[in-house]
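# A look at the structure
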Amino acid sequence: MSDHISGPRALGNPIADITDVFAFPSPERPGHLVLVMNTLPFALISNPLSEGLIYRFRIRDLVAGEAGDPVPFTPGAEEFVVDCVFSEPTIVDSDGAEPASFDQEGHCTTPTGEVVSFTVGDERGGSGQGVRVFAGARWDPFFFDARSALKTVATGQLEFSEQGSIYLDGKNVLGLVVEIDAALLGGASVVGVVAETLTRGVFNVRIERVGRPEVKNMLLAAKQYDTVNRDIEIRDLYNTENAFHIDHGYEAAYRARLNANLAFWDGLDGKTDWPLDDGVHPLTEFWLADYLIVDVTKPYQERSSFLEIEMSARAGRPHSTCGGRAINDDAMDTFFTLLINGGDGPVIRDGIDGASRPASSTFPYLAPPNPDPPIPPEHH
């Protein structure tokens, strides 16, 4: 579920629902950063991107803190923004065939102000000074046994098995891929990355924002363990926040929910690896700093880089990987292992080690869409 259907507003406006975000050094063009935002759960090949949205990537230089700091990095003030918008789609005469095809143009504004134009669905994408852009329907790359995770939350018992299953495997999303020359990021080496969807117009309202996977659905959704805000659906509030600086107002509610749910996950193996300090979980501030952290100077790496930069900084040692999150990373095993045993015990596996259609090492990286995706039960 990475960030699929992460709140009532996402459920009501699925076109603006960010399902996943990835950020990693380009495996085919060293010195370039790849940014991926997937939207619209259960997309069809016939679904265009929204002409009413801004699809935004925000990037900030990060400054390392001291060993043991709850938040290992501090975002700098300068921000590099990549905005993509889309034209109203034009339906192409399909001679009665279903689904009808469409033509749609995209326009991507880079941090330097250059506008790169491209055609939705064109595998070649569009290119400009140090930038390549692709958008279109793609195979949903997220792999995770969501049913077992939700059952774990409901029963209070770890429900993962040796052989997990991906919910409705073969479903599609609308993918947006931007590959950008790291030289356009002001000389930054370690950066924070967050993706957002916003309304397009005079007033731009943030609808969704995503950094790390499963923060909303696995760490903020469950209410039953939160004795402070048990009746509040908190994810829509969280979506409106600035990922690089939580505004004063609701941060106490976010902290209470994280303190409670992080303690729940820690206790699933029958021991405490993250002792609370007067009710405060040691990782609460870590997860509130909700953006992917990437070292753009290091080479592309899969499988062992997700959260490596953050955890190395907390331990006071230099990081050794590019960090971020690659499309083929088994991020959820890393996620649950950190929560449940602090990364010092056996790997907590959800029984799924990779996608049925892995990402490639060449642009646009995401696998082509499924021409006949499964239909969610509620859509039958």
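These notes cover the structure that comes with them. None of these values were measured; they are calculated from a predicted model. (Residues numbered from 1 in each chain as written. Predicted model: local features only at pLDDT ≥ 70, side-chain atom pairs only at ≥ 80, totals over all residues. Heavy atoms only, no water.)

Quick look at the overall build of the protein chain now. Per the secondary structure count, the protein chain includes eight helices and 14 strands. A globule of 380 residues ought to have a C-alpha radius of gyration of about 21 Å, and the protein chain, at 20 Å, matches this closely. Based on the C-alpha atoms only, the size of the protein chain along its principal axes is roughly 65 × 50 × 40 Å. In the form shown here, the protein chain has an accessible surface area of approximately 15400 Å², with 52% of it arising from carbon and sulfur atoms. Mean positive and mean negative side-chain charge positions of the protein chain (29 and 56 charges, respectively) differ by 2 Å. (Helix = DSSP H or I, 4+ residues; strand = E, 2+ residues; numbered from the N terminus. Rg over C-alpha atoms; globule rule 2.2 N^0.38 Å. Areas by Shrake-Rupley, 256 points an atom, 1.4 Å probe, with all protein chains shown as cover. Lys, Arg positive; Asp, Glu negative; His and termini not counted. Charge placed at Lys NZ, Arg CZ, Asp CG, Glu CD.)

Turning our attention to empty space enclosed by the protein. Scanning the model with the defined rule gives two cavities of 30 Å³ or more in all. If you add up the space inside the largest cavity, you get close to 40 Å³. Together, F22, P141, F142, F143, R325, I327, D329, D330, A331 and M332 line the largest cavity. Its residues assigned to classes, the lining of the largest cavity shows seven nonpolar, no polar and three charged. If you add up the space inside the second largest cavity, you get close to 30 Å³. As for the second largest cavity, its lining consists of V71, P72, F73, R212, F286, A289, Y291, I293 and E310. (1 Å grid on protein atoms, 1.4 Å probe; cavity = no way out; pocket = protein on both sides within 12 Å on 5 of 7 lines; lining within 4 Å. Points joined across faces, edges and corners; volume = space filled by probe spheres on them. Nonpolar A, V, L, I, M, F, W, Y, C, P; charged D, E, K, R; others polar.)

A few words now on the packing of helix α5 (residues 251-266) against helix α8 (residues 331-341). In contact at an axis separation of 6 Å, α5 and α8 are set at 90° when each is read in the N-to-C sense. Relative to α8, α5 is oriented roughly perpendicular. On α8, the residues that touch L262, W265 and D266 of α5 are F336, L339 and I340. For the contact of α5 with α8, the residue count by class is five nonpolar, no polar and one charged. (Axes fitted to C-alpha atoms, helices over the stretch in contact; angles between N-to-C directions. Parallel < 35°, antiparallel > 145°, perpendicular 65-115°, else oblique. Contact = heavy atoms within 4.5 Å.)

Residues V202, F203 and V205 make up a contiguous nonpolar surface patch of roughly 380 Å² in combined accessible area. Inspection of the secondary structure puts V205 in the loop between β12 (190-199) and β13 (206-210). The class for V205 is partly exposed, based on a relative accessible area of 44%. (Patch = residues over 30% accessible without salt bridge, like charges linked within 9 Å, V, L, I, M, F, W, Y side chains within 5 Å. Salt bridge = Lys/Arg side-chain N within 4 Å of Asp/Glu carboxyl O. Buried < 20%, exposed > 50% of the residue type's maximum accessible area, 1.4 Å probe, protein only.)

Let us look at the sheet that holds strand β9 (residues 126-128). Pairing in this open sheet of five strands is antiparallel, and the strands run β1-β2-β11-β10-β9 from one edge to the other. In this open sheet, the two edge strands, each paired with only one partner strand, are β1 (18-25) and β9. Strand-to-strand twist of the sheet, defined as the mean angle between neighbouring strand axes without regard to direction, takes the value 15°. Examined bridge by bridge, β9 and strand β10 (residues 131-139) share three bridges and lie antiparallel to one another. Note on β10: the bridge partner recorded for G126 is V133. (Pairing = 2+ DSSP bridges.)

Taken as a whole, the largest pocket spans an internal volume of roughly 450 Å³. Together, 21 residues line the largest pocket, and M311, T334, L338, G342 and G343 are the ones closest to its centre. At the level of elements, α7 (308-315) and α8 are the ones that each hand at least two residues to the lining of the largest pocket. Taken together, the residues of the lining of the largest pocket break down into seven nonpolar, seven polar and seven charged.

Turning to the environment of S117, a few remarks are in order. Residue placement: S117 occurs in strand β8 (residues 115-119). For S117 and E310, which are 193 residues apart along the polypeptide, the C-alpha to C-alpha distance reads 35 Å. At 2.8 Å, the side chain of S117 forms a polar contact with the side chain of H107. (Polar contact = N/O pair within 3.5 Å; in protein donor to acceptor, adjacent residues only side chain to side chain.)

Turning our attention to the pairing of strand β3 (residues 53-64). Each regular strand carries side chains that alternate between the two faces of the sheet. Burial within β3 is extensive, with nine of its 12 residues counted as buried. Two elements, β3 and β12, share nine bridges in a ladder whose sense is antiparallel. Among the inter-strand pairings, F57 is bridged to a residue of β12, identified as A195. By the bridge criterion, nine bridges tie β3 to strand β4 (residues 73-86) in an arrangement that is antiparallel. The residue bridging F57 from the neighbouring strand is V82, located in β4.

Taken as a whole and judged by the stated rule, the model has 22 salt bridges. A salt bridge links E162 to R349; the nearest nitrogen and oxygen atoms lie 3.3 Å apart. Of the two residues, E162 is situated in the loop between α2 (146-155) and β11 (172-181) and R349 in the segment after α8; the sequence distance between them amounts to 187 residues. Among the ionic pairs, K271 bridges to D273, the shortest N-O distance being 2.9 Å. Exposure remark for K271: the relative accessible area of 41% places this residue in the partly exposed category. Members of the salt-bridge network, linked through shared partners, are R58, R60, E79, E196 and R206.

Formed by 80 residues in total, the largest nonpolar core has its most connected members in L33, V178, W265, W287 and F336. Here this core takes seven residues from α8, the largest share from any one element. For F336, the contacting residues outside a window of four places in its chain are F144, A149, F160, M218, W265, N341 and I348. (Core = buried A, V, L, I, M, F, W, Y, C linked by side-chain atoms within 4.5 Å.)

Turning to the side chain of N172, a few remarks are in order. Structurally, N172 is set in strand β11. For N172, a relative accessible area of 0% translates into the label buried. At 2.8 Å, the side chain of N172 forms a polar contact with the backbone oxygen of N370. Beyond its immediate sequence surroundings of up to four residues, N172 is in contact with L40, P41, F42, A43, I45, R138, W139, D140, P369, N370 and P373.

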